[in-house]
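Analysis of the macromolecular model
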Amino acid sequence: MAVRPDAGPEDPAGSDEAADLFRAVGRQVKAGRERGGLSQKELGERTGYSEEQISSIERGRRTPQPAFLAAVDELLGCGGLLAVTAEDVERAKKRRRLRHPEWFRDYAELEAQAVEICFYSTLTVPGLLQTEEYARTVFTARRPILDEDTIEQRVSTRLARQQILERWPPPVVTAVVDESVLLREIGGRLVQRGQLEHLVALSRLRNVEIQVLPLACEGHAGMEGPFILLTPEGKSQLGYGEFQSVNRIITDPDEVRMLAARYGSIRGQALTPPDSRVLIEKLLGE
């Protein structure tokens, strides 16, 4: 168990050179896109990325993957100018250290090794599935308040964590989200709408299943609160929980087995992944 300060300082950032490189590459992507007459949404559709991901790459907040750079280079006729930056980006990624708060670092390292991650979320969308603006709202709302630099560092780090979904082979990710999370307009209507659209896009990935626990469910196995189960490669499954200023990695086999059984029950009480997508799309239509 660890007790964390709500506004504890982040570790020093990974190299500023890496951040500068990602911003420079992002500007090149934006320039090529605008020269080609494409919107962020159109470029995303043609490369298999969401509009929000394209926006994050262009702003230097998300690391562009080599396959993405090659695809954009060919699509926009950049003559190899983007493709040749892939090696520099990969080197920068290896030099850069993620800026996790100390209390979160152990979990983040385990998550990066995970072959399976299971979320049960009752208050917000799981961090691994959040959009940039949604994540910024979550960190901005923290009390005691975080300074602006810390907020931006944590947003960038959260987006960097999400690249686990883009690696090969990707982890299997399942998430059960309480319907109330989808109804609460965190960040306002536009931010929440962007988050719902992002969830729909993620739900179409072969390695991601999103389920909604409906408000109509009168009693369910998750009433004791949210938690995470994850299985690092070559290791036993473990649990993780946060409550106010306390976070805990759960390794006791009996406790983990209890959480796994509870998660199975929650999934059984939630809507199926296809029905959950229909519900989210219905909320977008309202």
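Located above this text is the structure these notes cover.
Residues numbered from 1 in each chain as written. Predicted model: local features only at pLDDT ≥ 70, side-chain atom pairs only at ≥ 80, totals over all residues. Heavy atoms only, no water.

**Details of the nonpolar core**
Grouped together as the largest cluster of nonpolar side chains are 36 residues, with contacts concentrated most on Tyr107, Ile117, Phe119, Leu129, Leu182 and Leu199. Per-element tally for this core: the top contributor is helix H10 (residues 189-203), with five residues. If sequence neighbours within four positions are ignored, Leu199 has contacts with Val125, Leu129, Leu182, Ile210 and Ile280. Leu38, Phe68, Leu76 and Cys78 belong to the second largest nonpolar core, which has 18 residues in total. (Core = buried A, V, L, I, M, F, W, Y, C linked by side-chain atoms within 4.5 Å. Buried < 20%, exposed > 50% of the residue type's maximum accessible area, 1.4 Å probe, protein only. Helix = DSSP H or I, 4+ residues; strand = E, 2+ residues; numbered from the N terminus. Contact = heavy atoms within 4.5 Å.)

**Let's talk about the environment of Gly37**
Relative to the assigned elements, Gly37 resides in the loop between helix H1 (16-35) and helix H2 (40-47). In this structure Gly37 comes out as exposed when scored by relative accessible area, which is 58%. Linking Gly37 and Leu76, residues 39 residues apart in sequence, is a C-alpha distance of 9.5 Å.

**Observations concerning the packing of aromatic side chains**
Tallied over the entire structure, the rule returns four aromatic pairs. Here the aromatic rings of Tyr120 and Phe227 are separated by 5.8 Å at their centres, their planes lie at 55°, and the arrangement is tilted. Residue Tyr120 is located in strand E2 (residues 114-121), and its partner Phe227 is located in strand E5 (residues 227-232); the two are separated by 107 residues in the primary sequence. The same class applies to Tyr120 and to Phe227, which are both buried. Among the aromatic residues, those joined into a cluster by ring pairs are Tyr120, Phe227 and Tyr263. (Phe/Tyr/Trp six-rings, centres within 6.5 Å; stacked < 30°, edge-to-face > 60°.)

**Considering the packing of H2 against helix H4 (residues 66-76)**
Relative to each other, H2 and H4 sit at 110°, their axes nearing to 10 Å. As far as their axial angle goes, H4 and H2 are roughly perpendicular. Read as a crossing pair, H2 and H4 show a hand that is right-handed. Taking contact as the criterion, the partners of Leu43, Arg46 and Thr47 in H2 are, on H4, Phe68, Ala71, Val72 and Leu75. Taken together, the residues that form the contact of H2 with H4 break down as five nonpolar, one polar and one charged. (Axes fitted to C-alpha atoms, helices over the stretch in contact; angles between N-to-C directions. Parallel < 35°, antiparallel > 145°, perpendicular 65-115°, else oblique. Left-handed = near helix turned anticlockwise from the far one by under 90°. Nonpolar A, V, L, I, M, F, W, Y, C, P; charged D, E, K, R; others polar.)

**Focus: the pattern of salt bridges**
Under the definition given, this model contains 15 salt bridges. The residue Arg59 makes a salt bridge to Glu132 at a minimum N-O spacing of 3.3 Å. Taken together, the positions of Arg59 in the loop between helix H3 (51-58) and H4 and Glu132 in helix H7 (residues 132-140) put the pair 73 residues apart, joining distant regions of the chain. For Glu132, a relative accessible area of 2% corresponds to the buried category. Here Arg136 and Glu152 are joined by a salt bridge, their closest N and O atoms 2.9 Å apart. Here the residue Arg136 occupies a position in helix H7, and Glu152 occupies one in helix H8 (residues 148-161), the gap between them amounting to 16 residues. Note on Arg136: relative accessible area 13%, which makes it buried. A single salt-bridge network, built from bridges that share partners, covers Arg59, Glu132, Glu133, Arg136 and Glu152. (Salt bridge = Lys/Arg side-chain N within 4 Å of Asp/Glu carboxyl O.)

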